[in-house]
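# Structure at a glance
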Amino acid sequence: MAGARKIIIDTDPGQDDAAAIMLALGSPEEIDVLGITAVAGNVPVALTAKNARIVCDFANRQDVRVFAGCDRPMKRPLVTAEHVHGATGLDGPALFEPETPLQPEHAIDFIIETLRSEEPGSVTLCPLGALTNIATALTRAPDIAPRIREIVMMGGAYFEVGNITPAAEFNIYVDPEAAEIVFKSGIPIVMIPLDLTHKVLTLKARVDRIRALGTRAATALAEMLDFFERFDIAKYGSDGGPLHDPNVIAYLIRPELYGGRMCNVEIETGSELTLGMTVVDWWQVTGRKHNALVLRDVDADGFFALLTGRVARL
Ligand code: RIB
Ligand code: CA
């Protein structure tokens, strides 16, 4: 739709990635999804690509172009998270062989060609998993960097510290070298860390409002969230689990729901003890160049009202 923000969603579905995709597809006035690129992360890329297609089917949007991307990090073996997302990566609803086709083009080629053909500065990249696809595209085609409007990503942690290790958040931990490339790229970055997403909890009342919509997409999402939250409830003893990835899309639609500050963010790639840590200079003590808008505050009720209202449209 004219005026809608052009985005590429790079993702490792993942139940919370599914919520992000549904929110984007339910918001055509504000968001124009040019394509969805799958990356290895929560589960291997064969599954994340299939899951992205299944989510498009749930959203009744079999027209969306889905591409498979990198099957492992740039320099390390793949670490996955079946313990959180289940063996399929999308445990919860009954799954099926999707109608939404897998595009023959590799995701990296799609990212590069799209950025070279779209108006410079008109495309936003929305990584919801490891940054492998993004960093690989930037390395293979450095000319695309100045053509990217912004990278709005879910990843990292500072005050909340890590979720996959005591120091690191999963998306950064899976491919710290890729994250280092992205954070040193000079491209405008909005970072949505665990510090924010741990305030966005799938409280029973919130999930019940989604379930009450009664549509195919809403029912599937509620079933995904019922499964997805169990791990974090057991770990943190919270009412509901953190809903990470859809905050990336919600920020694009209603940035006023969010707050944060420009910071310098560096990535630990040397120490095994703190590998993948995002070292956020929140208190501005280093004098190092600001390279990311780090968000920490969110109106969680406002977020869920937006998510529920847009999923209702699918
Ligand atoms: O640490 C949370 C992130 O890791 C989310 O994007 C989740 O989907 C997993 O990819
Ligand atoms: Ca994800």
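Presented here is an overview of the structure given in this document. Here the residue numbers are simple positions, counted from 1 along each chain's written sequence. Throughout, the order in which chains and ligands are written sets their labels, letters from A for the former and numbers from 1 for the latter. Where local features are concerned, this predicted model is filtered to residues with pLDDT of at least 70; where side-chain atom pairs are given and counted, the filter is 80 or more; whole-chain, interface and lining totals use all residues. Computation of side-chain values: all heavy atoms of the structure, hydrogens and water removed.

## Section: the sheet that holds strand S2 (residues 31-38)
Judged by pairing direction, the sheet is mixed, and its eight strands sit side by side in the order S3-S2-S1-S4-S5-S6-S10-S7 without closing on themselves. Pairing within the sheet leaves two strands with one partner each, and these edge strands are strand S3 (66-68) and strand S7 (258-263). Strand-to-strand twist across the sheet, computed as the mean angle between neighbouring axes with direction ignored, equals 25 degrees. DSSP bridges decide pairing: two strands pair if at least two such bridges lie between them. Helical segments are the DSSP runs of H or I of at least four residues, strand segments are the runs of E of at least two, and each set is numbered from the N terminus. In this structure, S7 lies alongside strand S10 (residues 292-298), joined through six bridges in antiparallel fashion. Looking at the pairing, glycine 260 lines up with leucine 295 of S10. Docked against the sheet, helix H11 (residues 246-253) engages strand S1 (5-11), S2, strand S4 (123-127), strand S5 (148-154), strand S6 (189-192), S7 and S10, running at close to 135 degrees with respect to S5. Orientation is described by lines fitted to C-alpha atoms, with helices fitted over the stretch in contact, and by angles between N-to-C directions that extend from 0 to 180 degrees. Any two residues whose heavy atoms approach within 4.5 Å at even a single point are treated as in contact.

## Considering helix H1 (residues 15-25)
Buried residues dominate H1, accounting for 11 of its 11 residues. Within the sequence span of H1, burial applies to Gln15, Asp16, Asp17, Ala18, Ala19, Ala20, Ile21, Met22, Leu23, Ala24 and Leu25. Categorising residues by exposure relies on relative accessible area from a 1.4 Å probe, with only protein chains included: less than 20% of the type maximum marks a residue as buried, more than 50% marks it as exposed, and the intermediate range marks it as partly exposed.

## Quick notes on the environment of asparagine 163
Within the secondary structure, asparagine 163 sits in the loop between S5 and helix H6 (170-174). The exposure class assigned to asparagine 163 is partly exposed, which follows from its relative accessible area of 22%. Through-space distance from the C-alpha of asparagine 163 to that of glutamate 29 is 35 Å; in sequence the pair is 134 residues apart. Whenever a nitrogen or oxygen atom comes within 3.5 Å of another N or O atom, the pair is scored as a polar contact, on the condition that within protein one atom can donate a hydrogen and the other can accept it, and that pairs from neighbouring residues in sequence are kept only if both atoms are in side chains. From its side chain, asparagine 163 meets the backbone nitrogen of phenylalanine 170 in a polar contact 2.9 Å long.

## Things to note about the pattern of salt bridges
What counts as a salt bridge is simple: a side-chain nitrogen of Lys or Arg found within 4 Å of a carboxyl oxygen of Asp or Glu. For the structure on display, the rule yields 19 salt bridges. Across the pair lysine 184 and glutamate 266 runs a salt bridge, and its minimum N-O distance is 3.1 Å. Of this pair, lysine 184 sits in the loop between helix H7 (176-183) and S6 while glutamate 266 sits in strand S8 (residues 265-267), placing them 82 residues apart in sequence. Residue glutamate 266 is classed as partly exposed on the basis of its relative accessible area of 23%. The partner of aspartate 226 in a salt bridge is arginine 211, and the shortest N-O contact between them spans 2.7 Å. Of this pair, aspartate 226 sits in helix H10 (residues 216-236) while arginine 211 sits in helix H9 (residues 204-211); the two residues are 15 residues apart in sequence, bridging distant segments of the chain. Under the relative-accessibility criterion, aspartate 226 is labelled partly exposed at 32%. For arginine 211, a relative accessible area of 31% gives the class partly exposed. A single network of salt bridges, built from pairs that share partners, joins Lys204, Asp208, Arg211 and Asp226.

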